[in-house]
There are 2 protein chains.
Amino acid sequence: MEIVRTIREMQTRAEGLRRAGKTISIVPTMGSLHDGHVSLIKLAAEGSDEVVTTVFVNPTQFGPNEDYEHYPRDIKRDEEIAAQSGSDVLFCPEVGEMYREGYRTYVVVDDLSRVLEGSVRPAHFRGVSTVVLKLFNIVKPHIAVFGQKDVQQVAIIKRMVRDLDLEVQVVVGPIVRENDGLAISSRNAYLTPDERKRATALYRSLQQAEVAVRSGERNVREIGRKVRAVLADGSPDAVDYVAFVDPETFQERERVEPPAILLALAVRFGRTRLIDNSIIPVNETP
Amino acid sequence: MEIVRTIREMQTRAEGLRRAGKTISIVPTMGSLHDGHVSLIKLAAEGSDEVVTTVFVNPTQFGPNEDYEHYPRDIKRDEEIAAQSGSDVLFCPEVGEMYREGYRTYVVVDDLSRVLEGSVRPAHFRGVSTVVLKLFNIVKPHIAVFGQKDVQQVAIIKRMVRDLDLEVQVVVGPIVRENDGLAISSRNAYLTPDERKRATALYRSLQQAEVAVRSGERNVREIGRKVRAVLADGSPDAVDYVAFVDPETFQERERVEPPAILLALAVRFGRTRLIDNSIIPVNETP
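Residues numbered from 1 in each chain as written. Chains lettered and ligands numbered in written order. Predicted model: local features only at pLDDT ≥ 70, side-chain atom pairs only at ≥ 80, totals over all residues.

Can you break down the overall build of chain A residue by residue, with the values?
For chain A, the count of helices and strands is 10 helices and 10 strands. Its C-alpha radius of gyration of 19 Å places chain A within 12% of the 19 Å reference for a compact globule of 286 residues. The contacts of chain A with a sequence gap of at least 6 include a subset with a gap of at least 24, amounting to 71%. (Helix = DSSP H or I, 4+ residues; strand = E, 2+ residues; numbered from the N terminus. Rg over C-alpha atoms; globule rule 2.2 N^0.38 Å. Contact = placed C-beta atoms within 7 Å.)

This is how it looks when you write it as structure tokens:
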């Protein structure tokens, strides 16, 4: 696996591959690679000739009181994991390479960036959409692989790709979970052993909602009550949101309607904020 | 010359040309092609294998009380002029092709978009940078040619290209003027014969400033007084701004300093708003 650190080198390589008719895929990450990322890299390798994993802890998507400084970084370990998972290139630029002096351009996906995660983290998605567009322009991928865990990010990237006429196919990998159901996340490392146990309530609450929908419940408030009851078992320090929304537009849904509803959660344990979600298929009611 | 109306056809054509190693240039316009555009198309033809002239009256760069509805449109004439000037393709999509249902993505170049034209036309440059990025993604040019007449637009596009890592070389064509010095613009057609005569004051005021700088004047207020005196000869109905700024950052300059200063004007005659500018070279004072 090659390590590339400059935009110019990455662009030259990508242009050469494109001219040779090769298919390029990108897996954008902030490093601290875990089994979730591994699954995305493998998914990328299946559908392309060259997999570029990017590792960049993007400062513009962190709020002033968030964990940018303390976000876990271990590039040597990331190199090993990416290589073992089938990545051909690791693109890991410095911050100064990505944001040069006088930088002032931002991409905003209106509406979608303001709700849920966006309401708690006001500049977050502006940072995400901008850096992803930059990475697309640098890596020139045909395919981009993202994880469903960051489901709002996925919706925003898909919308940006359509709106800006980018010829990139967005592929979404399923959420990878620990044995007890906790969605794998780099931020799980922040949890104390006690918080780690309580955090399983997120997945259990999603399952509860899935069961309710499958058994014909269509009332969003009723399902929300059940979800909050299961979450309460974990004694979270705060429930930022329990949201039932349209999986594409993220508009709030009053009722559960076909073909699917997205249930998204954000919950705090101590100082750690966890998110999880489920896109629940909805059958036509008889 | 080929006429292309869909994004898909344009992208397929562009991708084919790129694979064949051809150089593509783009000349983005809102149509109503005049000698200014002709000069840009010829400039594009000199440096590339394939010139794509785009004609798209972009609704998102017009304010609610501006002239979107009445902006002059004559696609048949545009076709003739583009073909005669050396354009290989005319890309002229409908509004619905460029902005599909649910469209909500915008590119903003901060700061630069807020001053001068941006202060009078708040959403204008957001519309410009967004549509230019879309056109770049559709036409996939190596070279993009813009006119210096829209000097702030040029600065914003250059900044966007750098910030978003676009591999597009921005080429700027000089302002083309009528015999009496009036900068050619589609909006000149709105002027009454009397306003048309008075409008020559713009160019004369720029010349006055050039003379002053060349003769060693470094005081921006002093030069500004002279410029306004010449403009007053034309009895304009309003002077929106007489601005001395840094040609790249558009920050206001207190003094005339090497290597150059940009003098930008916006003046109204009746209901017509005209802009003009000059990037004046400044020598080191002895």
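If you had to explain the sheet that holds strand β3 (residues 50-55) of chain B to someone new, which residues and values would you point to?
All names here are of chain B. Reading across the sheet, the 6 strands line up as β1-β4-β3-β2-β6-β7 and stay open at both edges, with parallel pairing between neighbours. Looking at strand neighbours, the two that pair on one side only are β1 (2-4) and β7 (169-173), the edges of this open sheet. Direction aside, the axes of adjacent strands within the sheet are offset by 25° on average. The sheet strands contacting helix α1 (residues 7-19) are β1, β2 (24-29), β3 and β4 (89-91), and the helix crosses β1 at an angle near 125°. Against the sheet, helix α7 (residues 151-163) contacts β6 (143-147) and β7, and its axis sits at roughly 170° relative to β7. (Pairing = 2+ DSSP bridges. Axes fitted to C-alpha atoms, helices over the stretch in contact; angles between N-to-C directions.)

Account for the domain arrangement of chain A, naming residues and giving values.
Many structure descriptions define interface size as the accessible area lost when the parts assemble. Residue and element names in this part refer to chain A. According to the domain assignment, chain A contains domain 1 (2-173) and domain 2 (186-281). On a C-alpha basis, the centroid separation for the pair domain 1 and domain 2 is 26 Å. The interface of domain 1 with domain 2 comprises 11 residues on the first partner and 11 residues on the second. Here the side of domain 1 that touches domain 2 gets 3 residues from one element, more than from any other, and that element is helix α7 (residues 151-163). Residue composition of the side of domain 1 that touches domain 2, grouped by class: 7 nonpolar, 3 polar and 1 charged. (Domains from an automatic or database assignment. Nonpolar A, V, L, I, M, F, W, Y, C, P; charged D, E, K, R; others polar.)

Which residues make up the packing of helix α2 (residues 35-46) of chain B against helix α3 (residues 75-85) of chain B, and what are the values?
Residue and element names in this part refer to chain B. Following both chains from N to C, one finds α2 and α3 inclined at 40°, their axes separated by 9 Å at the closest point. Comparing the axis directions of α2 and α3 gives the class oblique. Judged by the twist between their axes, the crossing of α2 over α3 is right-handed. Counting all contacts with α2, which are made through V38, I41 and K42, the residues of α3 involved are I81, A82 and S85. Broken down by class, the residue content of the contact of α2 with α3 amounts to 4 nonpolar, 1 polar and 1 charged. (Parallel < 35°, antiparallel > 145°, perpendicular 65-115°, else oblique. Left-handed = near helix turned anticlockwise from the far one by under 90°.)

Residue-level account of the sheet that holds strand β10 (residues 272-281) of chain B, with values.
All names here are of chain B. In space, the 3 strands of this open sheet follow the order β8-β9-β10, with antiparallel pairing throughout. Looking at which strands have only one partner, the edges of the open sheet turn out to be β8 (238-245) and β10. Along the sheet, successive strands turn relative to each other by an average axial angle of 10°, direction set aside. Pairing analysis gives 10 bridges linking strand β9 (residues 260-269) to β10, with the strands arranged antiparallel.

Account for the interface of chain A and chain B, naming residues and giving values.
The interface is formed by 24 residues belonging to chain A together with 24 residues belonging to chain B. Elements that contribute at least two residues to the side of chain A that touches chain B include exactly α1 (7-19), β5 (105-109), α6 (124-139) and α7 of chain A. When residues in the side of chain A that touches chain B are grouped by element, the largest group, 5 residues, is from β5(A). Split into classes, the residues belonging to the side of chain A that touches chain B amount to 12 nonpolar, 3 polar and 9 charged. Inspection of the sheet shows β5(A) paired to strand β5 (residues 105-109) of chain B by 5 bridges, in the antiparallel sense. Bridge pairing in β5(B) links V108(A) to Y106(B).

I'd like to hear about the nonpolar core, residue by residue, with values.
Core analysis: the largest hydrophobic core is formed by 161 residues, its most contacted members being V139(A), V139(B) and L202(B). Residue contacts for V139(B): discarding those within four places in its chain leaves M10(B), A14(B), I24(B), I26(B), V52(B), T54(B) and F91(B). (Core = buried A, V, L, I, M, F, W, Y, C linked by C-beta atoms within 7 Å. Buried ≥ 20, exposed ≤ 12 C-beta atoms within 10 Å, placed from the backbone.)

Run through the pairing of β2(B), naming residues and quoting values.
Residues and elements named next belong to chain B. For β2, the tally of buried residues reaches 6 of 6 residues, placing the bulk of the element in the interior. Burial along β2 is two-sided: I24, I26 and P28 facing one way and S25, V27 and T29 facing the other are all buried. Examined bridge by bridge, β2 and β3 share 6 bridges and lie parallel to one another. Looking across to β3, one finds that S25 is bridged to V51. Of the crossover connections in this fold, the one passing from β2 over α2 to the parallel β3 is right-handed. Direction of pairing for β2 relative to β6: parallel, over a ladder of 2 bridges. Note on β6: the bridge partner recorded for S25 is I143. (Right-handed = clockwise from strand over helix to strand, strands pointing away.)

Quick one: what's the story with the environment of A20(A), residue by residue and with numbers?
Residues and elements named next belong to chain A. Residue position: A20 is located in the loop between α1 and β2 (24-29). Residue classification places A20 among the exposed residues on the basis of 10 C-beta atoms within 10 Å. Along the sequence, A20 and G173 sit 153 residues apart, while their C-alpha atoms lie 28 Å from each other.

So what's going on with α3(B)? Residues and values would help.
For an α-helix, 3.6 residues make a turn, and residues three or four places apart therefore share a direction. Residues and elements named next belong to chain B. Three or more residues of α3 are buried, namely D78, I81, A82 and S85. Taken end-on, α3 shows its buried residues confined to a sector of 100°, consistent with a single buried face. Exposed side of α3, more than 90 degrees from the buried face: K76 and Q84 are the residues found there. Against α2, β3 and β4 lie the buried residues of α3. Taken from the residues just after α3, G86 is the one with a positive phi, measuring 110°. (Arc of directions from axis to C-beta.)

If you had to explain the environment of N277(B) to someone new, which residues and values would you point to?
Residues and elements named next belong to chain B. Its location among the elements puts N277 in strand β10. The class for N277 is buried, based on 24 C-beta atoms found within 10 Å. For the pair N277 and K149, spaced 128 residues apart in the sequence, the C-alpha separation amounts to 6.7 Å. Those residues within four positions of N277 in sequence are excluded, and the remaining contacts are V151, L262, L263, A264 and L265.

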